[in-house]
Amino acid sequence: MDAKASSKVVRVSSQKAGLVCELIRNKSIEESFALLENSPKKSADIIRKILNSAVANATENHGMTSEGLYVKAAFANEGPTMKRFRARAKGRADLKYKRTSHITVIVTDEKRGK
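Side chains of a nonpolar character, in soluble globular proteins, are inclined to be buried together. Residues Ile-47, Leu-51, Val-71, Ile-103, Val-105 and Val-107 are the most contacted members of the largest nonpolar core, which totals 25 residues. Where this core is concerned, the elements lending two or more residues are β1 (2-10), α1 (14-24), α2 (29-37), α3 (42-61), β2 (70-78) and β5 (101-108).

Next up on the list: a positive patch on the surface. Taken together, the side chains of Arg-11, Lys-16, Lys-41, Lys-42, Arg-84, Arg-86, Lys-96 and Lys-98 define a basic patch exposed on the protein surface. For the positive patch, the secondary-structure elements that each account for two or more residues are β3 (82-87) and β4 (93-98). Residue position: Lys-96 is located in strand β4.

Secondary-structure assignment places Ser-101 in strand β5. At 3.0 Å, the side chain of Ser-101 and the backbone oxygen of Val-12 are in polar contact. Other than its neighbours up to four places away in sequence, Ser-101 contacts Ser-7, Lys-8, Val-9, Val-10, Val-12, Ser-13, Ser-14, Ala-17, Asn-77, Glu-78 and Gly-79.

Moving on, we come to the packing of α2 against α3. At a minimum axis separation of 9 Å, α2 and α3 run at an interaxial angle of 155°. Classified by the interaxial angle, the pair formed by α2 and α3 is roughly antiparallel. Seen along the crossing, α2 lies across α3 with a hand that is left-handed. Facing α2, whose interface residues are Ile-29, Ser-32, Phe-33, Leu-36 and Glu-37, α3 presents Ala-44, Ile-47, Arg-48, Leu-51, Asn-52 and Val-55. Partitioning the contact of α2 with α3 into residue classes produces 7 nonpolar, 2 polar and 2 charged.

Conventions used here
- Residues numbered from 1 in each chain as written.
- Predicted model: local features only at pLDDT ≥ 70, side-chain atom pairs only at ≥ 80, totals over all residues.
- Heavy atoms only, no water.
- Core = buried A, V, L, I, M, F, W, Y, C linked by side-chain atoms within 4.5 Å.
- Buried < 20%, exposed > 50% of the residue type's maximum accessible area, 1.4 Å probe, protein only.
- Helix = DSSP H or I, 4+ residues; strand = E, 2+ residues; numbered from the N terminus.
- Patch = residues over 30% accessible without salt bridge, like charges linked within 9 Å, V, L, I, M, F, W, Y side chains within 5 Å.
- Areas by Shrake-Rupley, 256 points an atom, 1.4 Å probe, with all protein chains shown as cover.
- Salt bridge = Lys/Arg side-chain N within 4 Å of Asp/Glu carboxyl O.
- Lys, Arg positive; Asp, Glu negative; His and termini not counted.
- Charge placed at Lys NZ, Arg CZ, Asp CG, Glu CD.
- Polar contact = N/O pair within 3.5 Å; in protein donor to acceptor, adjacent residues only side chain to side chain.
- Contact = heavy atoms within 4.5 Å.
- Axes fitted to C-alpha atoms, helices over the stretch in contact; angles between N-to-C directions.
- Parallel < 35°, antiparallel > 145°, perpendicular 65-115°, else oblique.
- Left-handed = near helix turned anticlockwise from the far one by under 90°.
- Nonpolar A, V, L, I, M, F, W, Y, C, P; charged D, E, K, R; others polar.

And the structure:
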């Protein structure tokens, strides 16, 4: 059985969040938390909170124990992009893109099929 947690419209680009998701994919919960605690990336703290929520969903809603859990999938999809202008010389403007992402973490207690 799988349990999942997600966060929508997170103010980090999906490419940067995907790098951190790649670190914890197919790892045990303990190892994933250790990797996220020691990662200097901004998205590591966000993904740690989402992983904590997925573990809570697994234990509370699905009756799984937290010892045998591992991260089945972790991914970051592109969210809406906010467009902002920055003033430049001679009355011109540059367009700046503020990217967002939708981050999802899925945990399971079943054995890994490698």
